[in-house]
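Each chain is listed here by its residues.
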Amino acid sequence: MSKMEYARELARESIIEIQSVSKTFRDFKALNDVSLNIEKGTIFGLLGPNGAGKSTLIHILSCQTRPSSGSVYISGLDVVSDKKDVLSIIGVVPQENSFYDELTVAENLRYFGSLYGVAVIDIKKRTHRILDMLQITEKKDSRASTLSGGMKTRLNIACALIHKPEVLILDEPSVGLDPVSRRALWDTIREVNSEGTTILITTHYMEEADLLSDRILIMHRGNIVVEGTPEDLKKTVGERIIQITCTPGNYSPITSQLEALEGVGSCEVNEERLKITLTDEQALEHVIETVEASGNHITNIESNRPSLENVFIHFAREEWH
Ligand SMILES: Nc1ncnc2c1ncn2[C@@H]1O[C@H](COP(=O)(O)OP(=O)(O)OP(=O)(O)O)[C@@H](O)[C@H]1O
Ligand SMILES: [Mg+2]
C-alpha cells in the first residue's frame, strides 16, 4: 500500500479533517484555530453571520488559499502539498458562477470534464445523467447566458459534479432561487449525497440548513461557536418556546419574576406578547400561575419547539456581543 493509499484508508471515516486552522490577512484573523472533522457520506451545514469566515474556510478546503497555520486533509490528502489530487476529488460550487456564458450547457460540461481529465465517453455519460438529475436536459444546447437565474445555479452545480467528486462544497447555492427551485436544489443535494458524496454547504437559510444537514457548525468571527446535529443544537436553546398573550398585557413587572422560576430560561416582551423559553416543559404550570396572579388574563398560549433560527439568534445574543 502506497503512502497515499494508506492516508486515504485512514480517512475512511472523517473525509475532511481540519486541524487547528488559522488564517490571517495582514493583522486580521479571519479564522482562529478551527478544528473540525466531517464524516464521510454526510451533509454538513456551515453557518454564521456575514464575515464569520465560512468562505475563507471553503477557499482553504478548495485549495484557493493556504492556511496561515494548521492543516487540512481531504480523504487523507493535504490541501497544500497534495493540491492537484485534492482538486480531482472535490467539486466546488462557488458563490459566483464558474461556467462560461458564451458556451452552451453541454459545452460547459465538456470543458469542465476535460479540465478534470475525464474521458470523453465518460463526459458524455455523466452529462446525460447530471442534466437529467438537475432537470436541465432541455437546455442542453442553450447558451449559458440565456438561462434563468435558477438554471444558472443548476449549471454551476453540474460543472462541479462532472468528475464525480467525493466531496461537493457549495457556498450559498440557494441565494436568489425561488421557493420551488430551492426545493429542487435540496432534492439534488440529497440525491448527490445518496450516491455517497459528502456535502459541505454554507447558507443563511436556517430552514435549509435544518432540513438538509446531518450536522451543523455555527461560526462567528473566525471561531467555532457550536457544532452538533440540528436536534442537539435546538436542545441548547431549551425544550419549548411559549408565547403568551394577555389582557391587559401588563408584562414588565413580571418578566424578572418569570425568569426566576425553575425551568424558565428567558422571558421577554415581544410584540405585545410574553415570549418565554422553557428549559423544562413542566415549568409551564408555574408560568401560568405567575402570569394570572399578576392580574393579567391569558387569552392565548402558543407553544413551539425551538427552530434552528432560534438557535442562531440565541447564540447571536449570548456570544456575539
Ligand atoms: N482576501 C482578504 N483580505 C482581507 N480580508 C479578508 C479577505 N478575505 C476575507 N477577509 C475577511 O475575513 C473575514 C471573513 O470573511 P468570509 O468571506 O470568510 O466571511 P463569510 O462567513 O463567508 O461571510 P458571508 O456570510 O458574508 O459570505 C471578513 O472580515 C473578511 O473581510
Ligand atoms: Mg461567504
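Cut-offs and rules
Per-chain numbering applies: the sequence of each chain, read as written, is numbered from 1 onward. Chain A is the first chain written and ligand 1 is the first ligand written, with later ones labelled in order. In view of the model being predicted, local features appear only for residues whose pLDDT reaches at least 70, and side-chain atom pairs are presented and counted only at 80 or more, with totals across whole chains, interfaces and linings using the full set of residues. Derived side-chain values reflect all non-hydrogen atoms in the structure, with water molecules and hydrogen atoms excluded from consideration. By convention here, the domain bounds are inherited from an automatic or database domain assignment. Whether two strands pair depends on DSSP finding at least two bridges between them. Think of it this way: any DSSP run of H or I at least four residues long counts as a helix, any run of E at least two long counts as a strand, and we number them from the N terminus. Axis definition: a line fitted to C-alpha atoms, limited for helices to the stretch in contact. Angles are taken between N-to-C directions and run from 0 to 180 degrees. Consider each residue's heavy atoms; a residue with any of them within 4 Å of a molecule or strand counts as near. The term polar contact refers here to a pair of N or O atoms within 3.5 Å; inside protein, the definition further demands a hydrogen-donor-capable atom paired with an acceptor-capable atom, and it admits residues adjacent in sequence only when both atoms are side-chain atoms. What sets the accessible areas is the Shrake-Rupley method with a 1.4 Å probe; for residues, cover comes only from the shown protein chains. Lys, Arg, Asp and Glu make up the charged group, whereas Ala, Val, Leu, Ile, Met, Phe, Trp, Tyr, Cys and Pro make up the nonpolar group; the residues left over, Gly among them, are polar. The nonpolar core is taken to be a set of buried Ala, Val, Leu, Ile, Met, Phe, Trp, Tyr and Cys residues, with the residues joined through side-chain atoms within 4.5 Å. Any residue under 20% of the maximum accessible area for its type is buried, any over 50% is exposed, and the rest in between are partly exposed; the area is computed with a 1.4 Å probe on protein chains only. We call two residues in contact when some of their heavy atoms are within 4.5 Å. Asp and Glu count as negative and Lys and Arg as positive, but His and the ends of the chain are not part of the count. Each salt bridge in this description consists of a side-chain nitrogen of Lys or Arg and a carboxyl oxygen of Asp or Glu lying within 4 Å of one another. Each cavity reported here is a set of points on a 1 Å grid over the protein atoms alone in which a 1.4 Å probe fits but cannot get out, each pocket an open set with protein on both sides within 12 Å along at least five of seven lines, and each lining residue one with an atom within 4 Å of a point. Grid points are joined across faces, edges and corners, and a volume is the space filled by probe spheres set on the points.

### Comments concerning the domain arrangement of the protein
By the assigned domains, the protein splits into domain 1 (3-229) and domain 2 (239-305). Taking only C-alpha atoms, the centre of domain 1 and the centre of domain 2 are 43 Å apart.

### Structural notes on the sheet that holds strand β3 (residues 43-47)
Strand order across the open sheet formed by 6 strands is β6-β7-β8-β3-β9-β10, with mixed pairing between neighbours. Sheet topology places β6 (90-93) and β10 (223-228) at the edges, where each strand pairs with a single neighbour. Going from strand to strand, the sheet's axes swing by 15 degrees on average, the running direction of each strand aside. With 5 bridges joining them, strand β9 (residues 215-220) and β10 adopt antiparallel strand pairing. Looking across to β10, one finds that L217 is bridged to E227.

### Considering the site of ligand 1
Around ligand 1, a shell composed of 13 residues is seen, among which G51, K54, S55, T56 and H204 lie nearest. Take T56: an N or O atom from its side chain is 2.5 Å from an oxygen atom of ligand 1. The contact in question runs from an oxygen atom of ligand 1 to an N or O atom on the side chain of E172, over 3.4 Å. Summarising the interface, the protein chains cover 61% of the accessible area of ligand 1, which totals 640 Å² for the free molecule. The set of elements that each furnish at least two residues to the shell around ligand 1 consists of β2 (28-39) and α2 (54-61). At 3 residues, the largest contribution of residues to the shell around ligand 1 is made by α2. Here the residues of the shell around ligand 1 are counted per class, giving 5 nonpolar, 6 polar and 2 charged.

### Side note on the nonpolar core
L155, L168, L170, I189 and I199 are the most contacted members of the largest nonpolar core, which has 33 residues in total. Elements that contribute at least two residues to this core include exactly α4 (105-115), α5 (120-133), α6 (149-161), β7 (167-171), α7 (179-194) and β8 (198-202). The element that contributes the greatest number of residues to this core is α6, accounting for 7 residues. Setting aside anything within four residues of it in sequence, one finds I189 in contact with I43, L170, I199, I201 and L212.

### Points about the sheet that holds strand β1 (residues 14-25)
One open sheet accounts for 4 strands, arranged β2-β1-β4-β5; its pairing is antiparallel. If you trace the sheet from one side to the other, it starts and ends with β2 and β5 (77-78), each paired once. α2 contacts β1, β2 and β4 (69-74) of the sheet and is inclined by roughly 120 degrees relative to β1.

### Looking at the side chain of K275
Residue placement: K275 occurs in strand β13 (residues 273-278). No salt bridge forms around the buried K275; measuring N to O, its nearest opposite-charge neighbour E268 is 5.2 Å away. Sequence-distant contacts of K275, that is, excluding residues within four places in its chain, are made with I241, I242, Q243, S266, C267, E268, N270 and N310.

### Quick look at the pairing of strand β12 (residues 264-270)
With 6 bridges joining them, β12 and β13 adopt antiparallel strand pairing. By the bridge assignment, S266 is partnered in β13 with T277. What sits between the antiparallel neighbours β12 and β13 is a turn of 2 residues, in which E271 has the positive phi angle 50 degrees.

### A short note on the layout of surface pockets
Roughly 340 Å³ of internal volume is contained in the largest pocket. Looking at the largest pocket, it is lined by 15 residues, and the ones nearest its centre are S266, E268, T277, H314 and R317. Mapped onto the lining of the largest pocket, the elements with two or more residues apiece are β12, β13 and α12 (308-319). The dominant element in the lining of the largest pocket, judged by the number of residues it contributes, is α12, at 5 residues. Partitioned by chemical class, the residues of the lining of the largest pocket number 4 nonpolar, 6 polar and 5 charged. The volume enclosed by the second largest pocket comes to roughly 230 Å³. Those elements that place two or more of their residues in the lining of the second largest pocket are β6 and α6. Taken together, the residues that form the lining of the second largest pocket break down as 8 nonpolar, 4 polar and no charged.

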